[in-house]
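Chain and residue survey
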Amino acid sequence: MASISSHPHTNSIASTDEFTTTPACVLVLVNQDILQLIFRHFRTSIDLDDTTKSKNKLSLFRAALTCKAFVEPALDSLWWSMTSLMPVLKLLQNFQMVEDMADTYTFCDNFSDQDLARFDYHSRRVREFHYHTVPAQQIGATALVRLAQYRPIIYPHLQKVVWSTALSPSTLFLISPTLKSLDVQNSLDDPSIMITFISAVLNNLPQSLISIALRGSISATCLALVPQMRSLSTVIIPDLGASGSATFLCQLGALDGLENLHINLQGPATKLLTPSDHISFPALRVLSVSGQLDLICDFVITVASKQVVSISVSSKHAGKPAAPRERGEMEHKITTNWVLPRPRFLGSILLDCYPLAPHLTVGL
């Protein structure tokens, strides 16, 4: 990605009278808030095709070269979302290709103050990092460790990380004090990386992280770290599996600010919860639960929240909807322990349990 360096430009208008005589086009140029809104429409996102992404980046780059007032807002949008560490690392002149190792880069010399200033000028703009495919150009094993001696936080204002492939040690360098949303996929080759990463997040971001999604096979040790993040408002665990436990669900339900929960209870047909268990979820508003029907039923009857406004329940066995006999058995199992009048079906149970929920989806 091309680099442009400039100093922040601040314009001010001395008196109110000048607004009445200054042309509207000039007033727009001195209003950074309006310019930020305009250039925001050119940001790249994962749902755009490659052609549109390239056009948007080129438009932002040209805008930054056109007018001094455009430099800051255009560069903010140009660097807003990254899919690789390469663009920011290549701002450093000592980041070069390794001899006899095609497409592998590392730091070959000392870091100059000028390079680090250029690095800071652009890296501070990055807010989102989306990693979906392994790039052709690779970063040397020790390159990021060496950079960390000068810049331990690569993106100081990063807010969102989506890591769709298996986690790698380089993910640790994306931890930022401003990180609010985390969506990561566990590594089958080295599951310990997930534990290391989540532990690092917990130690560095105990109060700022508000959304976390853990995908893939997650260990019980890793799951136990999630409820310790007391500021979470959204938790997504598509595969709770054998690592799930009543203790974990109860600890999760104790989070005062948890509003969105998406969980899959597919796993061994063992009893996670009993009618005596009580899970609070005091602020829960959106509930999406899938998996084995018996585990779903055990989970639903223990949730005490009355704030839910949207519910989605889905249960399939071997890729097929639950049989009527199985549904009937689960209905009887629930109503035996349910304090409300006997409902007609699992959907009715949910409606009785969560009377504030106008959006109910039941897929059995």
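Notes on the structure follow. Worth saying up front: this structure is predicted, and the values here are computed from it rather than measured.

**Digging into the pairing of strand β4 (residues 128–131)**
Examined bridge by bridge, strand β1 (residues 81–82) and β4 share 2 bridges and lie parallel to one another. Of the residues in β4, the one forming a bridge with M82 is F129. Where β4 lies against strand β6 (residues 160–166), 4 bridges are found, and the strand directions are parallel. Opposite Y131, over in β6, you have W163 as the bridge partner.

**Digging into the pattern of salt bridges**
Inspection of every chain in the model, using the stated rule, returns 6 salt bridges. In this structure, the salt-bridge partner of D120 is R151, at a minimum N-O distance of 2.8 Å. On the criterion of sequence distance, the pair formed by D120 in helix α7 (residues 113–123) and R151 in the loop between α8 (143–148) and β6 is long-range, its members being 31 residues apart. For D120, a relative accessible area of 29% puts it in the partly exposed group. When the shortest N-O distance is used, the salt bridge between D183 and R215 registers 2.8 Å. Placement of the pair is D183 in strand β7 (residues 181–185) and R215 in strand β8 (residues 211–215), with a sequence separation of 32 residues. Given a relative accessible area of 17%, D183 falls into the buried group.

**Topic: unusual backbone geometry**
Most peptide bonds take the trans configuration, and most residues that are not glycine carry a negative phi. Of note in this structure, F281 is not a glycine but carries a positive phi near 45 degrees. Relative to the assigned elements, F281 resides in the loop between β10 (260–264) and β11 (286–290). Taking the relative accessible area as the measure of exposure, F281 reaches 0% and is therefore buried.

**Quick word on the pairing of β8**
Summarising burial for β8: 4 of the 5 residues are buried, a large majority. With 5 bridges joining them, β7 and β8 adopt parallel strand pairing. The partner of D183 across the bridge, within β8, is A213. The pairing of β8 with strand β9 (residues 234–237) spans 3 bridges and is classified as parallel.

**Things to note about the side chain of N186**
With respect to the element layout, N186 can be found in the loop between β7 and α9 (192–204). There is a polar contact of 2.5 Å between the side chain of N186 and the backbone oxygen of S217. Other than its neighbours up to four places away in sequence, N186 contacts A166, L167, P191, M194, R215, S217 and I218.

**Let's talk about the nonpolar core**
If you look at the biggest cluster of nonpolar residues, it comprises 87 residues, and the most contacted ones within it are Y155, L182, I198, I212 and F299. It is α9 that contributes the most residues to this core, 7 residues altogether. Excluding residues within four positions of it along the chain, I212 makes contact with L182, I198, V226, M229, L232, T234, V235 and I236.

**Description of the packing of helix α4 (residues 50–66) against helix α5 (residues 71–78)**
Axis separation between α4 and α5 bottoms out at 8 Å; the angle between their running directions is 160 degrees. Between α4 and α5, the angle is such that the two are roughly antiparallel. For α4 against α5, the interelement crossing comes out left-handed. Note on element contacts: α5 touches α4 through V71, A74, L75, S77 and L78, opposite K57, L60, A63 and A64. Here the contact of α4 with α5 is built from residues that sort into 7 nonpolar, 1 polar and 1 charged.

**Let's talk about α5**
Judged by how many residues are buried, α5 sits mostly within the fold: 8 of 8 residues are covered. The secondary structure elements touched by the buried residues of α5 are α3 (32–40), α4, β1 and α7.

**Notes on the packing of aromatic side chains**
One pass over the full model with this rule turns up 10 aromatic pairs. Between Y131 and W163, the aromatic rings sit 4.1 Å apart at their centres with planes inclined by 15 degrees, giving stacked as the arrangement. With Y131 in strand β4 and W163 in strand β6, this residue pair connects regions lying 32 residues apart in the sequence. One exposure class covers both Y131 and W163, and it is buried. Here the aromatic residues F95, Y105, F107, F111 and Y150 are joined through ring pairs into a cluster of three or more. Lying across the ring of W80, R43 places its NZ or CZ 3.6 Å from the centre. Above the ring of Y121, the side-chain terminus of R125 is found at 4.4 Å from the ring centroid.

Rules behind the numbers
Residues numbered from 1 in each chain as written. Predicted model: local features only at pLDDT ≥ 70, side-chain atom pairs only at ≥ 80, totals over all residues. Heavy atoms only, no water. Pairing = 2+ DSSP bridges. Helix = DSSP H or I, 4+ residues; strand = E, 2+ residues; numbered from the N terminus. Salt bridge = Lys/Arg side-chain N within 4 Å of Asp/Glu carboxyl O. Buried < 20%, exposed > 50% of the residue type's maximum accessible area, 1.4 Å probe, protein only. Polar contact = N/O pair within 3.5 Å; in protein donor to acceptor, adjacent residues only side chain to side chain. Contact = heavy atoms within 4.5 Å. Core = buried A, V, L, I, M, F, W, Y, C linked by side-chain atoms within 4.5 Å. Axes fitted to C-alpha atoms, helices over the stretch in contact; angles between N-to-C directions. Parallel < 35°, antiparallel > 145°, perpendicular 65-115°, else oblique. Left-handed = near helix turned anticlockwise from the far one by under 90°. Nonpolar A, V, L, I, M, F, W, Y, C, P; charged D, E, K, R; others polar. Phe/Tyr/Trp six-rings, centres within 6.5 Å; stacked < 30°, edge-to-face > 60°. Lys NZ or Arg CZ within 6 Å of the ring centre and 35° of its normal.

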